[in-house]
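# Secondary and tertiary structure notes
Residues per chain are reported as follows:
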Amino acid sequence: MKKTILTCIAILLNGALGFAQDKPAESPHDMGQMHHGSFMQGRMHHAVAKGVKLDPNFDLATHTITLSVGPMNLPAHTSHMKMPQPPDLIWAVPMDGWLLAYHPKLVDANGGAVPGTVLHHVEFWNENRADFLCPNKEEHIFGAGSEMTDWAEVPGYGYRVAKGDKIRIETMMYNPTATSYEKAYLEVVIPFQEASDAGATPRKNIYPAWMDVASCGNSGYDLPAGKSEKTGTVTVKYDGVLLGVGGHMHDYGERIVLQDLSRKETVATLEAKSDDQGHLESVPVKLFVQEGGYKFGKGDVLKVSAAYDNRAGKLLRDGAMGIAVGYFAAADDAKMAALRRKAPMVHEMAGMSHDH
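Here is a short report on the structure shown in this document. (Residues numbered from 1 in each chain as written. Predicted model: local features only at pLDDT ≥ 70, side-chain atom pairs only at ≥ 80, totals over all residues. Heavy atoms only, no water.)

### Thoughts on the pairing of strand β1 (residues 53-59)
Heads up, the condition is: One bridge is not enough; two strands pair if DSSP finds at least two bridges between them. Helix and strand labels come from DSSP, where a helix needs a run of H or I of at least four residues and a strand needs a run of E of at least two; each type is numbered from the N terminus.
Pairing of β1 with strand β2 (residues 64-74), which is carried by seven bridges, proceeds in the antiparallel orientation. By the bridge assignment, Asp59 is partnered in β2 with Thr64. The turn joining β1 and β2, which pair antiparallel and follow one another in sequence, is formed by four residues; a positive phi near 55° is taken by His63.

Written out as structure tokens, the structure reads:
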């Protein structure tokens, strides 16, 4: 069981970073400009794709919810800047319970497979909950990119939702391929467990933890030519344990280091892998499940460092991010109720639409 949990958390964390490993179809400068990953909640101004809707399919028999975003027309050789983008869509959670996993895929109108290459990224934000490290931010609960990494279920854990919670879905498409796709749909299948299901295995709540070199500001920053390092700090507000941690960087990234300054300990050093051109390929995951989690105490100051070696020979505007991404289990979950918001945060949205 322990090995299964380790494997699932590793897959889950890698999935959380799916949009970090972009394909080198666009220049690093262009890619850096567009990322809204993690805490970047501002939207660039694109044309809004017409007729794109959110269709939620709630299946009690299989205990799954399938969220379908579409239809989307994706002409060949179209960059993210020229592609009309779906509006922000709001999904109202229909039950009390836990979301257990996220399984994304792209299909055409007939259900045929569409390559993940055309998905630049999709992100889910819970507008009714604040981030536990940065309460000025909404809680970012799911992200994926063109790798379409599957978020596996972590046995014994789940992401707690309440009926009526508003989940904002941001989707950005592009098509670097030579094939046009008409009426494409992004589908995310989400297994769930209802709180009223007395016969189901009890779940512990997990909270996504985004520890950013920009602290609690917007994540993107200018990347100078050559070697550079940027650091930021954030203060833990609750006792608990970190189950595992991965990293989010852009091209030319070398490593992410997470430290607990209060305990004078290095939590994790994550060495990035890149190709010969500096295109980021992967950032590793470090797990703490076998040790019962890495303990954080209320008031602990965490330091995140991001090292880059920009070989482009010029400054890349908004070309970098440095984020340690983990999953946190609170020692006293009742205290986490303070994260709930009665009203969604006010922020810029791209052609917002609500499902009914």
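### Observations regarding unusual backbone geometry
A cis amide bond links Gly70 with the next residue in sequence, Pro71, at an omega value of -5°. Along the polypeptide, Pro71 turns up in strand β2. Despite not being glycine, His77 shows a phi value in the positive range, around 55°. With respect to the helices and strands, the residue His77 is situated in the loop between β2 and β3 (89-92). We note that Ser215 has phi near 55°; this positive angle belongs to a residue other than glycine. Among the structural elements, Ser215 can be located in the loop between β12 (207-212) and β13 (221-223).

### Overview of the side chain of Ser228
To keep things clear, this is the line we draw: The buried label applies to any residue whose accessible area, calculated with a 1.4 Å probe on protein chains only, is under 20% of its type's maximum; exposed applies above 50%, and partly exposed to all values in between. Contacts are assigned to residue pairs that have any heavy atoms within 4.5 Å of one another.
Take Ser228: it is sitting in strand β14 (residues 226-235). Take Ser228: its relative accessible area is 18%, and that puts it in the buried class. In contact with Ser228, not counting residues within four places along its chain, are Leu223, Ala306, Ala307 and Tyr308.

### Considering the sheet that holds strand β22 (residues 301-310)
Rules: Between N-to-C directions, angles span 0 to 180 degrees; the directions come from axes that are lines fitted to C-alpha atoms, helices contributing only their stretch in contact.
One open sheet accounts for four strands, arranged β14-β22-β16-β17; its pairing is antiparallel. Two strands close off the open sheet at either side, each with one partner strand: β14 and β17 (265-271). On average, each strand axis in the sheet is inclined to that of its neighbour by 15°, with strand direction left out of account.

### Points about the environment of Leu54
Structurally, the position occupied by Leu54 is in strand β1. Each C-alpha atom of the pair Leu54 and Asp88 lies 9.7 Å from the other, and the pair is 34 residues apart in sequence.

### Concerning the environment of Lys105
As for its placement among the helices and strands, Lys105 is situated in strand β5 (residues 103-107). In this structure Lys105 touches Met148, Tyr185, Leu186 and Glu187, once residues within four positions along its chain are discounted.

### Concerning the pattern of salt bridges
Rule in force here: Here, a salt bridge means any Lys or Arg side-chain nitrogen found within 4 Å of an Asp or Glu carboxyl oxygen.
Overall, the coordinates contain 13 salt bridges when judged by the stated rule. Because the salt bridges share partners, they merge into one network encompassing Asp88, Glu127, Glu138, Arg168 and Glu170.

### As for the packing of aromatic side chains
Using the following cut-off: Only centres within 6.5 Å qualify two rings of Phe, Tyr or Trp (six-membered ring in Trp) as a pair; their planes then separate them into stacked at under 30 degrees, edge-to-face at over 60, and tilted for everything else. In this scheme, the term charge over a ring applies when either NZ of a lysine or CZ of an arginine sits within 6 Å of the ring centre and within 35 degrees of the ring normal.
In this structure the tally under the stated criterion is eight aromatic pairs. Relative to Phe142, the ring of Tyr102 has its centre 4.7 Å away and its plane inclined at 15°; by these criteria the two rings are stacked. Here Tyr102 is found in the loop between β4 (97-99) and β5, whereas its partner Phe142 is found in strand β7 (residues 138-144), with 40 residues between them in sequence. By relative accessible area, which is 0% here, Phe142 ends up buried. Ring centres 4.9 Å apart and planes at 75° place the aromatic pair Phe124 and Phe142 in the edge-to-face group. Taken together, the positions of Phe124 in strand β6 (residues 119-130) and Phe142 in strand β7 put the pair 18 residues apart, joining distant regions of the chain. Put simply, the rings of Tyr102, Phe124 and Phe142 touch in pairs and so form one group of aromatic residues. The ring of Trp98 has Arg160 lying over it, and the distance from NZ or CZ to the ring centre is 4.9 Å.

Keep in mind these values describe shape, not function.
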